[in-house]
Amino acid sequence: MVVGFRCCPVILWLALAAVLGSVLGLGEDLDRPLFGPPGSPIRLHESDPGLKKALAFAEDRYNRGSNAMHLRKVSRLITATKQLVKGIRYSITVEVSNTQCKKSTMLRTCDFYPEPQKLKTELCMFEVWDIPWQGTSTLLKQKCQLRFVLLILCVCLPFIWQESVQLLGQFKEFMVKYNKVYSSQEEADRRLRIFHENLKTAEKLQSLDQGSAEYGVTKFSDLTEEEFRSTYLNPLLSQWTLHRLMKPASPVRGPAPTSWDWRDHGAVSPVKNQGMCGSCWAFSVIGNIEGQWFLKNGTLLSLSEQELVDCDGLDQACRGGLPSNAYEAIEKLGGLETETDYSYTGHKQRCDFTSGKVAAYINSSVELSKDEKEIAAWLAENGPISVALNAFAMQFYRKGVSHPLKIFCNPWMIDHAVLMVGYGERKGIPFWAIKNSWGEDYGEQGYYYLYRGSNACGINKMCSSAVVN
């Protein structure tokens, strides 16, 4: 579920700051560390003796520095944490209000004003450094907000608190599911902010999607759009001047069947993972050749993407490449080794290709029609197809048939190469079945389903295949 916040961003992050630490301990023991290793902040209950002492000290220093006539006291504790830092550092957020006692009086009890307008309540944040074994305390920081800010907070806080806790719960689940570890509290804070922004983007995609897709938290939810693009996508695909002309594919012999899926016919290897490397072009082409080799020789081999990353001098390894170049490079090399003989590392290395280990080869390559009906007919007749598309919506895709608005998925800005393995319909929605290269924990067991019939996301712009005679 996607979280939407209804109050002002400044107040939102004030509330988030108060609960951020609970990412790894939400709903658990209050004395659990909030985040990270020993020495991290620990959330406190108002009955904690050390906190009571720190509050009394902060209250005293506050009153000494105040020009107010009346003594002011803590009227409500909002949040409190302690951290072991050569002593104990307390971080406290409270409401401070007027009592009926004047500073000059020495009364044991001081009641608050019953009239709200006389309370003059402030929201204060204190940091107190206490060194118990030396018997010393120091007020490191004091910051109090004006009453009108507090009034805004009083209106918004119930919503913010509930939704902040919900957001942090989602972030906690995300970290656990995808084994995310951050180097520092600052980095964790930054990733939480990115995670929140990505949830809002996913919510927007969800509300405007024309298909049946579900968007939300994925393993890429803590990455900015720029980080996602530079790490996993392929900017060279949209540079049309770099594309090598390919001969057109021969026309198909008959119309496309209603549906087709090469997974059902043994022509598709298991989903692979390109890792943090923009080598999707290699996975797309290798997947196509695996299918072509199977259809000609009856054996499904898992072939080597790393050979292309290392030995294709026409492309740029993890910085991107073009299927048309990859076919040419394979022809020049003389073929492909298997995944077992030339295993994937996810970064460019010295070319270690050995002609004696060639397990499959190609004779040429062809470019397909840009008409989706003809693409479907060719696929059903000839095997899985190397294709490319605009992958913006894919960062947030979870399942279903994705049909983003064109504004989110410019067909001319294609940046990811994949393998089209089939097509069909789900509840009346036509789709392309697309094998991705981001592991089986992406989408539907590693697959992305895209709307078929509107050239969505530029899926028809760069369709090609190797030819095995």
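Residues numbered from 1 in each chain as written. Predicted model: local features only at pLDDT ≥ 70, side-chain atom pairs only at ≥ 80, totals over all residues. Heavy atoms only, no water.

A. Quick peek at the state of the cysteines. Considering all chains together, one arrives at five disulfides under this definition. The disulfide that involves cysteine 124 links it to cysteine 144, with 2.1 Å between the sulfurs. In this structure, the disulfide formed by cysteine 124 and cysteine 144 twists by about 110° around the S-S bond and is classed as right-handed. Of this pair, cysteine 124 sits in strand S4 (residues 122–131) while cysteine 144 sits in strand S5 (residues 136–145), and the two are 20 residues apart along the sequence. On the basis of relative accessibility, which here comes to 26%, the residue cysteine 144 falls in the partly exposed class. Sequence-ordered numbering of the bonded cysteines in the protein chain gives a pairing of 1-2, 3-4, 5-7, 6-8, 9-10. With no disulfide of its own, cysteine 280 lies closest to cysteine 277 among cysteine sulfurs, the gap being 9.0 Å. (Disulfide = S-S within 2.5 Å. Helix = DSSP H or I, 4+ residues; strand = E, 2+ residues; numbered from the N terminus. Buried < 20%, exposed > 50% of the residue type's maximum accessible area, 1.4 Å probe, protein only.)

B. Here's a closer look at the packing of helix H7 (residues 280–297) against helix H9 (residues 323–333). Running from amino to carboxyl end, H7 crosses H9 at an angle of 60°, the nearest separation of the two axes being 9 Å. Looking at the two axes, H7 sits oblique to H9. Crossing handedness for the pair H7 and H9: right-handed. Mapping the contact onto sequence places Trp281, Val285, Asn288 and Ile289 in H7 and Pro323, Ala326, Tyr327 and Ile330 in H9. Grouping the amino acids of the contact of H7 with H9 by side-chain chemistry returns seven nonpolar, one polar and no charged. (Axes fitted to C-alpha atoms, helices over the stretch in contact; angles between N-to-C directions. Parallel < 35°, antiparallel > 145°, perpendicular 65-115°, else oblique. Left-handed = near helix turned anticlockwise from the far one by under 90°. Contact = heavy atoms within 4.5 Å. Nonpolar A, V, L, I, M, F, W, Y, C, P; charged D, E, K, R; others polar.)

C. Examining helix H10 (residues 372–382) more closely. By the burial criterion, the buried members of H10 are Glu372, Ile375, Ala376, Ala377, Trp378, Leu379 and Ala380. For H10, the capping residue at the N-terminal end is aspartate 371, with a side-chain oxygen 2.9 Å from the backbone nitrogen of lysine 373. Phi turns positive one or two residues past the end of H10, at glycine 383, with a value near 120°. (Polar contact = N/O pair within 3.5 Å; in protein donor to acceptor, adjacent residues only side chain to side chain.)

D. Structural context of the nonpolar core. Core analysis: the biggest nonpolar cluster contains 54 residues, and Ile385 and Tyr448 have the highest contact counts within it. Only helix H5 (185–208), helix H6 (225–232), H10, strand S10 (385–389), strand S13 (416–426), strand S14 (429–435) and strand S15 (447–451) provide two or more residues apiece to this core. With residues near it in sequence (within four places) discarded, tyrosine 448 still touches Leu389, Ala393, Met394, Tyr397, Ser402, Trp432, Ala433, Ile434 and Tyr442. Core analysis: the second largest hydrophobic core is formed by 17 residues, Met246, Trp293, Leu303 and Ile330 among them. (Core = buried A, V, L, I, M, F, W, Y, C linked by side-chain atoms within 4.5 Å.)

E. Quick look at unusual backbone geometry. Unlike most non-glycine residues, asparagine 179 shows phi in positive territory, near 55°. Along the chain, the position of asparagine 179 falls in the loop between helix H4 (147–177) and H5. In this structure, asparagine 455 takes a positive phi of about 55° despite not being glycine.

F. Representation of the environment of tryptophan 432. By the element assignment, tryptophan 432 lies in strand S14. Judged by its relative accessible area of 0%, tryptophan 432 falls in the buried class. Taking C-alpha positions, tryptophan 432 is 9.8 Å from tryptophan 260, a pair spaced 172 residues apart along the chain. In this structure tryptophan 432 touches Glu372, Ile375, Ala376, Met420, Gly422, Tyr423, Tyr448, Tyr449, Leu450, Tyr451, Arg452 and Ile459, once residues within four positions along its chain are discounted. Reaching out from tryptophan 432, the side chain makes a polar contact with the side chain of glutamate 372 at a distance of 2.7 Å.

G. Spotlight on H6. Taken residue by residue, H6 has Glu227, Phe228, Thr231 and Tyr232 as its buried positions. Down the axis of H6, the smallest arc covering the buried residues is 100°, so these residues share one side. (Arc of directions from axis to C-beta.)

H. Molecular detail of the sheet that holds strand S2 (residues 70–84). Taken in spatial order, the five strands line up as S1-S2-S3-S4-S5 in an open sheet, and their pairing is antiparallel. Edge strands, defined here as strands with exactly one partner in the open sheet, are strand S1 (42–43) and S5. When S2 meets strand S3 (residues 88–102), the two strands line up antiparallel, connected through 12 bridges. Note on S3: the bridge partner recorded for lysine 82 is tyrosine 90. Where helix H2 (residues 49–65) meets the sheet, its contacts fall on S2, S3, S4 and S5, and the angle it forms with S2 comes to roughly 135°. (Pairing = 2+ DSSP bridges.)

I. Broad picture of the pattern of salt bridges. Inspection of every chain in the model, using the stated rule, returns 25 salt bridges. Of the charged contacts, one joins arginine 398 and glutamate 214 as a salt bridge, the two residues approaching to 2.6 Å between their closest N and O atoms. Taken as a pair, arginine 398 in strand S11 (residues 397–399) and glutamate 214 in strand S6 (residues 214–215) lie far apart in primary sequence, 184 residues in all. What makes arginine 398 partly exposed here is its relative accessible area of 31%. The network of salt bridges with shared partners includes Glu187, Arg190, Arg191 and Glu227. (Salt bridge = Lys/Arg side-chain N within 4 Å of Asp/Glu carboxyl O.)

J. Structural context of the environment of serine 97. As for its placement among the helices and strands, serine 97 is situated in strand S3. The residues contacting serine 97, other than those within four sequence positions of it, are Leu71, Arg72, Lys73, Ser75, Phe112, Leu119 and Thr121. Within the structure, serine 97 has its side chain in polar contact with the side chain of serine 75 (distance 2.9 Å).

K. Here's a closer look at the pairing of S10. Among the five residues in S10, five count as buried, and that is most of the element. Note that S10 and S13 share five bridges and pair antiparallel. Note that in S13 the partner of isoleucine 385 across the bridge is methionine 420.

L. Up close: the confidence of the model for the protein chain. Averaged over every residue, the pLDDT of the protein chain is 87; the share at 70 or more is 87%. When the criterion is pLDDT under 50, residues 147–157 qualifies, and its contacts beyond four places in sequence or with other chains add up to 16 contacts. (pLDDT = per-residue confidence, 0-100.)

M. Representation of the pairing of S5 within the structure. Where S4 and S5 come together, nine bridges link them in antiparallel fashion. Residue pairing for S5: leucine 123 is matched across the bridge by glutamine 145. Counting the residues that bridge the hairpin from S4 to S5 gives four residues, and of these glycine 135 lies at a positive phi of roughly 70°.

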